[in-house]
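# Reading the structure
Spelled out from the first residue to the last, the chains are:
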Amino acid sequence: QVQLVVSGGGLVQPGGSLRLSCAASRTVFSFTFMGWYHQAPGKERELVATISSGGTTNYADAVKGRFTISRDPAKNTVYLQMNSLKPEDAAVYYCAARVLSGEDYWGQGTQVTVSS
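Here's what I pulled together on the structure shown here. (Residues numbered from 1 in each chain as written. Predicted model: local features only at pLDDT ≥ 70, side-chain atom pairs only at ≥ 80, totals over all residues. Heavy atoms only, no water.)

## Here's the deal with the overall build of the chain
What counts here: Segments assigned H or I by DSSP are reported as helices when at least four residues long, segments assigned E as strands when at least two residues long, and all are numbered from the N terminus. In this treatment the radius of gyration is a C-alpha quantity, and the globule benchmark scales as 2.2 Å times the residue count to the 0.38 power. For each residue, the accessible area found with a 1.4 Å probe, counting protein chains only, is set against the maximum for its type, and the residue is called buried under 20%, exposed over 50%, and partly exposed in between. Should any heavy atoms of two residues lie within 4.5 Å, those residues are considered in contact. Here the open area of atoms and residues is found with the Shrake-Rupley method and a 1.4 Å probe, where only the protein chains shown may cover a residue. Two residue types count as positive, namely Lys and Arg, and two as negative, namely Asp and Glu; His and chain ends fall outside the count. A single reference atom marks each charge: NZ on Lys, CZ on Arg, CG on Asp, CD on Glu.
Along its length, the chain carries zero helices and 11 strands. Ordered by position from N to C terminus, the α and β elements of the chain give β-β-β-β-β-β-β-β-β-β-β. Here the C-alpha radius of gyration of the chain, 13 Å, is about what a compact globule of 116 residues would show, namely 13 Å. Counting only C-alpha atoms, the chain reaches 40 × 25 × 25 Å along its principal axes. The proportion of buried residues among the 116 residues of the chain is 41%. Considering only residue pairs separated by 6 or more positions, the chain has 51% of its internal contacts joining residues 24 or more positions apart. Here the chain has roughly 5,900 Å² of accessible surface; of this, 48% comes from carbon and sulfur atoms. Within the chain, the 8 negative side-chain charges are centred at a point lying 6 Å from the centre of the 10 positive side-chain charges.

This is the structure:
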C-alpha cells in the first residue's frame, strides 16, 4: 500500500508562483514514475508533469517553461514548482505514482486558484 500526501496549493494572483509537495510513504525510487495531474471543473483529469525513477521529466505543452517537477529522495517527496501562473492553470491538482506492477496510486487533490 502506498500513501501520497499532498500539500501546497491555494490562491495566487496571475503571474504568481506556488509549490506543491507530494510526500510518499516509501522511496521515490520504488516508483516507475511519479507525476502531477490536474482537473478543472467540467474537464477530464490531465497530465501536468511526470518524473521517472531515473529522473527523466516530461511536461504538458501548456506548462513547459513555467512548471518544474523535481524530487527530494531524502524526503520521499516530489515537488511541482509552478511559476507565471495563469487563470487557465486553476484546477484541482493530484499527485500520482505508478509502482512496478503497473498499479497507480493517487494522493488527495489540492485546489489551485489563480485569480486577481
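## Digging into the pairing of strand E1 (residues 4–7)
To be explicit about the condition: We call two strands paired when DSSP finds no fewer than two bridges between them.
Going residue by residue along E1, you find Leu4 and Val6 tucked away on one face and Val5 and Ser7 left uncovered on the opposite face. Pairing of E1 with strand E3 (residues 18–24) involves four bridges; the strand directions are antiparallel. Note that in E3 the partner of Ser7 across the bridge is Ser21.

## Describing the nonpolar core
This is how the line gets drawn: Here, the term nonpolar core denotes a set of buried Ala, Val, Leu, Ile, Met, Phe, Trp, Tyr and Cys residues that are joined through side-chain atoms within 4.5 Å.
In terms of nonpolar packing, the biggest core is built from 32 residues, with Leu4, Met34, Trp36, Leu80, Met82 and Tyr93 touching the most fellow members. Where this core is concerned, the elements lending two or more residues are E1, E3, strand E4 (31–39), strand E5 (46–52), strand E7 (67–72), strand E8 (77–82), strand E9 (91–99) and strand E11 (110–114). At five residues, E9 tops the list of elements feeding residues into this core. Here Leu80 is in contact with Leu18, Arg19, Leu20, Trp36, Val48, Ala49, Phe67, Thr68, Ile69 and Tyr93, once residues within four sequence places are set aside.

## Brief notes about the sheet that holds E3
Counted only if it meets this: Axis geometry follows a simple rule: fit a line to the C-alpha atoms, using only the stretch in contact for helices, then measure angles between N-to-C directions, giving values from 0 to 180 degrees.
In spatial order, the strands read E1-E3-E8-E7; together these four strands make up an open sheet with antiparallel pairing. A strand with exactly one partner marks an edge of an open sheet, and here the two such strands are E1 and E7. Here the strands of the sheet are splayed against their neighbours by 15 degrees on average, with no regard to which way each runs.

## Looking at the packing of aromatic side chains
What counts here: Between 30 and 60 degrees the pair is tilted, below 30 it is stacked and above 60 it is edge-to-face, where a pair is any two Phe, Tyr or Trp rings, Trp via its six-membered ring, whose centres lie within 6.5 Å.
Using the criterion set out here, one finds two aromatic pairs in the structure. Between the aromatic rings of Tyr94 and Trp106, the centroid separation amounts to 6.5 Å while the plane-to-plane angle is 85 degrees, which identifies the pairing as edge-to-face. Of this pair, Tyr94 sits in strand E9 while Trp106 sits in strand E10 (residues 104–106), placing them 12 residues apart in sequence. The class of Tyr94 is buried, set by a relative accessible area of 16%. Each residue in the set Tyr37, Tyr94 and Trp106 is aromatic and connected to the rest through ring pairs, giving one cluster.

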